[in-house]
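Inside the fold
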Amino acid sequence: MKTEKSKKTSAVLMILTAAAGWGVIGVFSRPLSAAGLTSVQTTFVRSVTVMAGMGIFLLIKDRSLFRIKLKDIWIFLGTGLISIIFFNICYFLTIERTTLSAASILLYTAPCFVMIASAVLFKEKITFQKITALVTAFAGCALAGGFVGGDIGVTVLLTGLGSGLGYASYSIFGKFALEKYHSFTLVFYTFLISSIGLLPFSNASKATEIVFGSGETALAALGLGVISTLMPYIFYTTGLKSVEAGKASVMAFAEPMTAALAGTLIFHETLGAVNIAGMLLIFIALILLNIQFGAQKRKDDKD
């Protein structure tokens, strides 16, 4: 039987793994965009792939996990329509117009929204350590994302901030859902609702034609759905059970660091001394947060 400490450690590792999976999303979305998929179609393909994969998994594992109460549908509407559709469309638009690392830093305005909303809704404390970790991580993202001396236009700024707001809402709606439902149930209904919501606007037949037009696009769609969506959302949602939403959102700053590395290694985006310094700051922020996390746990144990 797992101890409370091991559960917390597992939760942290799950969140960091999820962040790494999200960090390589551009590796799969860019080939799809180049093949002709719009941001709406890419989001639709992503949602359908996850919904189908999770649905098959639940049919085999435990069909009781499909059950939800009608009065709770608002939670899944929130995760499906706001967290997935709005966030993904904004993020893919940003990726199309700037580097992966720059898109990721704009996405990671999310912890600011999460920390404030969590304090109001879940009474989570906004501690000095949390703020220090957040500021350090955000500064690291600014450096790693090339914002120092960079040229970010208004459109990119707006779509990037929109992705951050949409992304933040998943942690908030997710906390409400996890009080009543399994993480697998949350992931399935989130992507079922986003698939239904996108269907009228996605030209599904054309999107399917593009995806299966070549082996490369089919593999990219599969990678987008499984590696950068299904697995990360399962890991993050599961980890969210044992970690405060505010802390989880800061831990997920590992994503822009992964995005910067992916952009450099795969798309040959420039990664200089400033970018590397930014990645080191992100590491420091994660260490600060987990030192505080452990110290608080020991204090709670004594109390």
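Residues numbered from 1 in each chain as written. Predicted model: local features only at pLDDT ≥ 70, side-chain atom pairs only at ≥ 80, totals over all residues. Heavy atoms only, no water.

1. Some words on the overall build of the protein
For the protein, the count of helices and strands is 14 helices and 0 strands. Secondary structure elements of the protein, listed N to C terminal, follow the sequence α-α-α-α-α-α-α-α-α-α-α-α-α-α. When the 303 residues of the protein are sorted by exposure, 51% land in the buried category. A fraction of 88% describes how many contacts in the protein between residues 6 or more apart in sequence connect residues 24 or more apart. Counting every atom, the protein has about 13500 Å² of accessible surface; 70% of that belongs to carbon and sulfur. (Helix = DSSP H or I, 4+ residues; strand = E, 2+ residues; numbered from the N terminus. Buried < 20%, exposed > 50% of the residue type's maximum accessible area, 1.4 Å probe, protein only. Contact = heavy atoms within 4.5 Å. Areas by Shrake-Rupley, 256 points an atom, 1.4 Å probe, with all protein chains shown as cover.)

2. So, the pattern of salt bridges
One pass over the structure, following the stated rule, counts 2 salt bridges. Taking the shortest distance from any N to any O, the salt bridge between lysine 180 and aspartate 72 comes out at 2.9 Å. In this pair, lysine 180 sits in the loop between helix H8 (154–178) and helix H9 (183–198) while aspartate 72 sits in the loop between helix H3 (39–61) and helix H4 (73–97), placing the two residues 108 residues apart along the sequence. Here glutamate 96 and arginine 97 are joined by a salt bridge, their closest N and O atoms 3.8 Å apart. Overall, glutamate 96 belongs to the partly exposed group, its relative accessible area being 40%. Arginine 97 gets classed as partly exposed once you look at its relative accessible area, which sits at 46%. (Salt bridge = Lys/Arg side-chain N within 4 Å of Asp/Glu carboxyl O.)

3. Some details on the nonpolar core
One finds Leu37, Met54, Tyr91, Val187, Tyr233 and Tyr236 to be the most contacted residues of the largest nonpolar core, which totals 52 residues. If we skip the residues at most four places from it in the chain, tyrosine 233 touches Trp22, Arg46, Ile84, Phe87, Tyr170, Val187 and Phe191. (Core = buried A, V, L, I, M, F, W, Y, C linked by side-chain atoms within 4.5 Å.)

4. Observations concerning helix H6 (residues 110–121)
Its 12 residues place the ends of H6 16 Å apart at the C-alpha level, agreeing with the 16 Å of an ideal helix rising 1.5 Å per residue. Ala110, Pro111, Val114, Met115 and Ser118 are the residues of H6 that are buried. For H6, the buried positions fall inside an angular range of 125 degrees around the axis, keeping them on one side. Turned more than 90 degrees from where H6 packs its buried face, Ile116 and Val120 sit exposed. (Expected span 1.5 Å × (residues − 1). Arc of directions from axis to C-beta.)

5. Observations regarding unusual backbone geometry
Of note in the backbone geometry, asparagine 203 takes a positive phi value of approximately 50 degrees without being a glycine. Structurally, the position occupied by asparagine 203 is in the loop between H9 and helix H10 (204–211). With relative accessibility at 46%, the residue asparagine 203 sits in the partly exposed group.

6. Some remarks on the packing of aromatic side chains
Counted according to the given criterion, the structure contains 15 aromatic pairs. Look at tryptophan 22 and tyrosine 167: their rings are 5.6 Å apart centre to centre, the planes differ by 85 degrees, and that puts the pair in the edge-to-face class. Of this pair, tryptophan 22 sits in helix H1 (residues 4–23) while tyrosine 167 sits in helix H8; the two residues are 145 residues apart in sequence, bridging distant segments of the chain. Judged by relative accessible area, which is 3%, tryptophan 22 ranks as buried. With centroids separated by 5.1 Å and ring planes inclined at 80 degrees, the aromatic side chains of phenylalanine 66 and phenylalanine 188 adopt a geometry described as edge-to-face. Note that phenylalanine 66 is positioned in the loop between H3 and H4 and phenylalanine 188 in helix H9, a separation of 122 residues in sequence. For phenylalanine 66, a relative accessible area of 21% translates into the label partly exposed. Using a relative accessible area of 9% as the deciding quantity, one classes phenylalanine 188 as buried. Members of the aromatic cluster, joined through ring pairs, are Trp22, Phe87, Tyr91, Tyr167, Tyr170, Phe191, Tyr233 and Tyr236. (Phe/Tyr/Trp six-rings, centres within 6.5 Å; stacked < 30°, edge-to-face > 60°.)

7. Some thoughts on the packing of H3 against H9
Interhelical geometry of H3 versus H9 gives an angle of 140 degrees and a closest axis separation of 8 Å. The orientation of H3 relative to H9 falls into the category oblique. Between H3 and H9 lies a crossing whose hand is left-handed. Between H3, through Val40, Thr43, Phe44, Ser47, Val48, Val50, Met51, Met54, Gly55, Phe57, Leu58 and Lys61, and H9, the contact on the second element is made entirely by Phe184, Val187, Phe188, Phe191, Leu192, Ser194, Ser195 and Leu198. By residue class, the composition of the contact of H3 with H9 is 14 nonpolar, 5 polar and 1 charged. (Axes fitted to C-alpha atoms, helices over the stretch in contact; angles between N-to-C directions. Parallel < 35°, antiparallel > 145°, perpendicular 65-115°, else oblique. Left-handed = near helix turned anticlockwise from the far one by under 90°. Nonpolar A, V, L, I, M, F, W, Y, C, P; charged D, E, K, R; others polar.)

Scope: geometric values only; no functional claims are made or implied.
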